[in-house]
Amino acid sequence: MIRHQINVQETQNNLPVQVVEPVAKRKTTMTRSRLSSNQKRRKDLPEHVQSAYQAIHKAHNEKFAAKEKLLRARQTLQEAEKVYNDAQIADKTMNDKHGPLVLQDTGDEWNVRYQELKEFIEESGSEAEPDDDLLMKWINKQRGIYRTGELESYKVVALEQIKFAWSKKFANVSSLLAYKEQFGHTRVPTHYKKNITLGNWVRKLRGFHRNGTVKEMISQELIDKLDSIDFTWDLHEDYFNKMFEKLMKYKKLEGHCHVDKDDTDNPNLVKFVKEMRAAYIRFQKPRRKLTRDILTEERIKQLEAEGFQWNYDGVKW
């Protein structure tokens, strides 16, 4: 409470009471007076010093504004965490009491597609993408509506309960892992009948790698994930390196690289040597040279360094 100073003598003599200016008001007036005096003194300072004072004042204001924003953000975060935790508890309670969510009044088609997706995820995993065009069209539609924020909340809950992937960033990785577990490698053919989507996806990835645009077209996170499962980025390089290693083992046993075309013990090497000699002929004729041929100048030098002969007289090819 602001206290006023009253002249006691005037009160006793029944004279009009003179109310003295409040202390707080006098202080404010003095502060303003000091500020005004400081501003006048600053006007006499050099221009660069005045600019420095202004910058300091601006920095202080920005600092206080940032603190206020941080406090509001922290408060918003705490409220969001509370809402999320409450939702988690409610979801768990609902499942414990009533079991998994049962969809109602969503339309026959939505329920049918939902059940198809649920069965597919249970069989192939949440990151896999189905080959069924109708189901994929429905999935992409749900993702699109979800991005706009217009997908009903109960549908969101239902899809999340079956571990549905809202983004297809890693959608084919689990399918690729399943393929590797079955066949022992990631060299998925383009026209892989069991999963055409996977074959086309792998073909695109290798195209990006071949054109030198892989880092522009896909994220580093996806590149690292593919590298971690030994994804084959270049089929020619992978094939050449594996067969060259077998050729070196052959040379260690036989003392040379002249694999006979009738060598029934090494049919894969016979095929490889034949392919290399045919590729060498193409390499010597630039007009017929293929842009994606297996043989490069570096690989030619690598073979010649081991005594490989492009036209071995001792063997008729």
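Described in the following lines is the structure provided in the data block. Quick caveat, the model's predicted, so the values are computed rather than measured. (Residues numbered from 1 in each chain as written. Predicted model: local features only at pLDDT ≥ 70, side-chain atom pairs only at ≥ 80, totals over all residues. Heavy atoms only, no water.)

Some points on the overall build of the protein chain
Inference 1: Counting secondary structure elements, the protein chain contains 13 helices and zero strands.
Inference 2: Along the chain direction, N to C, the helices and strands of the protein chain fall in the order α-α-α-α-α-α-α-α-α-α-α-α-α.
Inference 3: Looking at the protein chain residue by residue over its 317 residues, the buried ones come to 26%. (Helix = DSSP H or I, 4+ residues; strand = E, 2+ residues; numbered from the N terminus. Buried < 20%, exposed > 50% of the residue type's maximum accessible area, 1.4 Å probe, protein only.)

A look at the side chain of His185
Inference 1: By secondary structure assignment, the location of His185 is in the loop between helix 7 (173-183) and helix 8 (196-211).
Inference 2: A polar contact is formed between the side chain of His185 and the backbone nitrogen of Arg187, at a distance of 3.0 Å. (Polar contact = N/O pair within 3.5 Å; in protein donor to acceptor, adjacent residues only side chain to side chain.)

Digging into the nonpolar core
Inference 1: Core analysis: the largest hydrophobic core is formed by 20 residues, its most contacted members being Leu247, Met276, Leu295, Leu303, Phe308 and Trp310.
Inference 2: Of all elements in the fold, only helix 11 (235-254), helix 12 (267-284) and helix 13 (297-304) reach the threshold of two or more residues within this core.
Inference 3: At seven residues, the largest contribution of residues to this core is made by helix 12.
Inference 4: Once you skip the residues sitting within four places of it in the chain, Leu247 turns out to touch Cys257, Val259, Leu269, Phe272, Leu303 and Phe308. (Core = buried A, V, L, I, M, F, W, Y, C linked by side-chain atoms within 4.5 Å. Contact = heavy atoms within 4.5 Å.)

Notes on helix 11
Inference 1: Compared with the 28 Å implied by 1.5 Å per residue over 20 residues, the 28 Å span of helix 11 between its first and last C-alpha is a close match.
Inference 2: Along helix 11, the positions that sit buried rather than exposed are Asp238, Phe240, Met243, Phe244, Leu247 and Tyr250.
Inference 3: Contacts made by the buried residues of helix 11 are with helix 12 and helix 13.
Inference 4: Phi turns positive, to about 85°, at Gly255, one or two residues after helix 11. (Expected span 1.5 Å × (residues − 1).)

So, the pattern of salt bridges
Inference 1: This model, assessed by the stated rule, comprises seven salt bridges.
Inference 2: Across the salt bridge formed by Asp230 and Lys180, the nearest N and O atoms sit 3.8 Å from each other. Of this pair, Asp230 sits in the loop between helix 10 (220-228) and helix 11 while Lys180 is found in helix 7, placing the two residues 50 residues apart along the sequence.
Inference 3: Put simply, Asp238 and Arg187 hold a salt bridge, and the shortest N to O gap is 3.3 Å. Of this pair, Asp238 sits in helix 11 while Arg187 sits in the loop between helix 7 and helix 8, placing them 51 residues apart in sequence.
Inference 4: Overall, the relative accessible area of 19% leaves Asp238 in the buried class. (Salt bridge = Lys/Arg side-chain N within 4 Å of Asp/Glu carboxyl O.)

Regarding the packing of aromatic side chains
Two numbers describe a pair of aromatic rings. These are the distance of the centres and the angle of the planes.
Inference 1: Applying the stated criterion across every chain yields a total of 13 aromatic pairs.
Inference 2: Relative to Phe244, the ring of Phe240 has its centre 5.8 Å away and its plane inclined at 15°; by these criteria the two rings are stacked. In this pair, Phe240 and Phe244 both sit in helix 11, four residues apart, roughly one turn of the helix.
Inference 3: Its relative accessible area of 11% is what places Phe244 among the buried residues.
Inference 4: Through a chain of ring-to-ring contacts, three or more aromatic side chains come together here, namely Tyr239, Phe240, Phe244 and Phe272.
Inference 5: Of note, Arg299 hangs over the ring of Phe240, and the distance from its end group to the ring centre comes to 5.3 Å. (Phe/Tyr/Trp six-rings, centres within 6.5 Å; stacked < 30°, edge-to-face > 60°. Lys NZ or Arg CZ within 6 Å of the ring centre and 35° of its normal.)

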